[in-house]
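Chain by chain, the residues:
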Amino acid sequence: MKLIIDTDPGIDDAMAISYAAAASEIDLLGLTTVFGNTHVHQSSRNARYLLHRLAVEAPVAEGAPFALGRTDHAPSERVHGPEGFGDLTDIPEVGTNHSLDAAAFLVEMAKAHRGELVVCAVGPLTNIAAAMRLDPEFSGNIKRLVIMGGAVFCPGNITEHAEANIYHDAAAADEVFSSPPDTVLVGLDVTLKTLYETADFEALARRSTDIGGFLRDISRFYLNFYKEIGGLEGCGLHDSTAVIACTHDGMFDMVDTGVKVTTTGSEIGATRPDPSRPPIRVCRDVDGAGVVQLFTERVASLP
């Protein structure tokens, strides 16, 4: 599968990218970056550093610094740390970004791999909306869009109503869902059923001392947040679950429904079924233990 991950690394993003690098059925063609967990320049730096550490030669195309119509962004430092990788703050600049911005890169890659390219968006959907605006044929050129976002049948995580990725650019998300490509939505409805605990990270680090050890180390900050806020002894494999859905959709129970995003008011970012919208596939259940096992087995194969 030819895959581009649209990402805002981010601890769980690092886990998802590591999984994609380890999965033999995935041909990772590049990363596009967006604001979200961090400022976009931090996202790009973290993405390039991670690819270097994974020994993956793939371009990083930098995208939107802000939500549509906005000129500011407050990163999720409380969740992911000041630089996006927990307590790790000395992250080197490795390489340079691609000459195209994220939207143009997505459009060009969709043309070059028409009918084959899967885009997995694990941050705000600003770059995806920009690509759709840039090229009306973009949606038809890609094989599938898989989104980590939303809370269609469950409460949100950044507010009672909204999941963080959708909340950070509700207008872009609603624009994507108003005229979507072939889309799978992997939201909190399933990702909170893929709990990865401290013992799982320790076991992973014993088998993969470099990458697994790195993920264990940066995850400590993330795990502390989950424990303080939710009393949980682990974290959801949010972004990794979306990447796994790209190739293992049989592990998910899905329902076809249109989705509308609330773009104003106190419930901004809410994702609700809307039969008047074009249908997408919304994941509502998952083999959580199977996802955890698959993630571990693949990433444990890395150095």
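This is a predicted model, so every value here is computed, not measured. (Residues numbered from 1 in each chain as written. Predicted model: local features only at pLDDT ≥ 70, side-chain atom pairs only at ≥ 80, totals over all residues. Heavy atoms only, no water.)

Caption draft 1: The arrangement of the overall build of the chain in detail. Secondary structure summary: the chain contains 13 helices and twelve strands in total. Since a compact globule built from 303 residues should have a radius of gyration of about 19 Å, the 17 Å found for the chain is in line with a globular shape. The dimensions of the chain, computed from C-alpha atoms along their principal axes, are 50 × 40 × 40 Å. For the chain, the proportion of its 303 residues judged to be buried stands at 58%. (Helix = DSSP H or I, 4+ residues; strand = E, 2+ residues; numbered from the N terminus. Rg over C-alpha atoms; globule rule 2.2 N^0.38 Å. Buried < 20%, exposed > 50% of the residue type's maximum accessible area, 1.4 Å probe, protein only.)

Caption draft 2: Region of the structure containing the environment of Gly 36. With respect to the element layout, Gly 36 can be found in the loop between strand E2 (27-33) and helix H2 (40-54). Once the C-alpha coordinates of Gly 36 and Phe 177 are considered, the two residues, 141 residues apart in sequence, prove to be 19 Å apart. Beyond its immediate sequence surroundings of up to four residues, Gly 36 is in contact with Asp 8, His 73, Pro 75, Ser 76 and Pro 124. (Contact = heavy atoms within 4.5 Å.)

Caption draft 3: Seen up close, the layout of surface pockets. The calculated volume of the largest pocket comes to roughly 690 Å³. Around the largest pocket sit 30 residues that line it, and Val 79, Asn 157, Ile 158, Ala 164 and Phe 225 are the ones nearest its centre. The dominant element in the lining of the largest pocket, judged by the number of residues it contributes, is helix H11 (residues 211-230), at five residues. The class makeup of the residues in the lining of the largest pocket is 14 nonpolar, ten polar and six charged. The space that makes up the second largest pocket amounts to roughly 300 Å³. Broken down by secondary-structure element, the contributors of at least two residues to the lining of the second largest pocket are helix H7 (164-168) and helix H8 (170-178). Partitioning the lining of the second largest pocket into residue classes produces eight nonpolar, three polar and three charged. (1 Å grid on protein atoms, 1.4 Å probe; cavity = no way out; pocket = protein on both sides within 12 Å on 5 of 7 lines; lining within 4 Å. Points joined across faces, edges and corners; volume = space filled by probe spheres on them. Nonpolar A, V, L, I, M, F, W, Y, C, P; charged D, E, K, R; others polar.)

Caption draft 4: Layout of the pattern of salt bridges. Across all of its chains, the model carries 21 salt bridges by this definition. With a shortest N-O distance of 2.7 Å, Asp 182 and Arg 281 are connected by a salt bridge. Of this pair, Asp 182 sits in the loop between H8 and strand E6 (183-186) while Arg 281 is found in strand E12 (residues 280-286), placing the two residues 99 residues apart along the sequence. The class for Arg 281 is partly exposed, based on a relative accessible area of 21%. Linking Lys 193 and Asp 285 is a salt bridge whose minimum nitrogen-to-oxygen distance equals 3.2 Å. Within this pair, whereas Lys 193 is found in the loop between helix H9 (188-191) and strand E7 (195-197), its partner Asp 285 is found in strand E12, the two being separated by 92 residues in sequence. The class for Asp 285 is partly exposed, based on a relative accessible area of 36%. One network of salt bridges, with partners in common, ties together Glu 202, Arg 216, Asp 217 and Arg 220. (Salt bridge = Lys/Arg side-chain N within 4 Å of Asp/Glu carboxyl O.)

Caption draft 5: Unusual backbone geometry, seen in detail. Residue Gly 10 is reached from Pro 9 by a cis peptide bond, and omega for that bond is -10 degrees. Mapped onto the elements, Gly 10 comes out in the loop between strand E1 (2-7) and helix H1 (11-22).

Caption draft 6: Representation of H1. Its twelve residues place the ends of H1 17 Å apart at the C-alpha level, agreeing with the 16 Å of an ideal helix rising 1.5 Å per residue. Buried residues of H1: Ile 11, Asp 12, Asp 13, Ala 14, Met 15, Ala 16, Ile 17, Ser 18, Tyr 19, Ala 20 and Ala 22, and no others. (Expected span 1.5 Å × (residues − 1).)

Caption draft 7: Up close: the sheet that holds strand E5 (residues 144-148). Overall, mixed pairing links the eight strands, which are arranged E3-E2-E1-E4-E5-E6-E12-E9 in an open sheet. Each edge of the open sheet is held by one strand with a lone partner, namely strand E3 (60-62) and strand E9 (252-257). Put simply, the sheet's adjacent strands are angled 25 degrees from each other on average, direction ignored. Along the sheet, H1 contacts E1 and E2; its crossing angle with E1, the most-contacted strand, is approximately 170 degrees. (Pairing = 2+ DSSP bridges. Axes fitted to C-alpha atoms, helices over the stretch in contact; angles between N-to-C directions.)

Caption draft 8: Expanded view of the side chain of Asp 274. Its place among the elements puts Asp 274 in the loop between strand E11 (271-273) and E12. One buried charged residue, Asp 274, remains without a salt bridge, the closest side chain of opposite sign being Arg 277 at 4.7 Å. In this structure Asp 274 touches Thr 257, Gly 258, Val 259 and Lys 260, once residues within four positions along its chain are discounted. (Lys, Arg positive; Asp, Glu negative; His and termini not counted.)

Caption draft 9: Up close: the packing of aromatic side chains. With the rule as written, the count across this model stands at seven aromatic pairs. With a centroid separation of 6.4 Å and 15 degrees between ring planes, the pair formed by Tyr 19 and Phe 295 is classed as stacked. Here Phe 295 lies in helix H13 (residues 288-299) and Tyr 19 lies in helix H1, a separation of 276 residues in the sequence. There is no split in this pair, since Tyr 19 and Phe 295 are both buried. Ring centres of Tyr 222 and Tyr 226 lie 5.1 Å apart, and the angle between their planes is 75 degrees; this geometry places the pair in the edge-to-face category. (Phe/Tyr/Trp six-rings, centres within 6.5 Å; stacked < 30°, edge-to-face > 60°.)

Caption draft 10: View of the side chain of Arg 45. Among the secondary structure elements, Arg 45 is positioned in helix H2. Within the structure, the side chain of Arg 45 is placed 2.9 Å from the side chain of Asn 46, a separation counted as a polar contact. Those residues in contact with Arg 45, other than ones at most four positions away along the chain, are Glu 83, Ile 91, Pro 92 and Glu 93. (Polar contact = N/O pair within 3.5 Å; in protein donor to acceptor, adjacent residues only side chain to side chain.)

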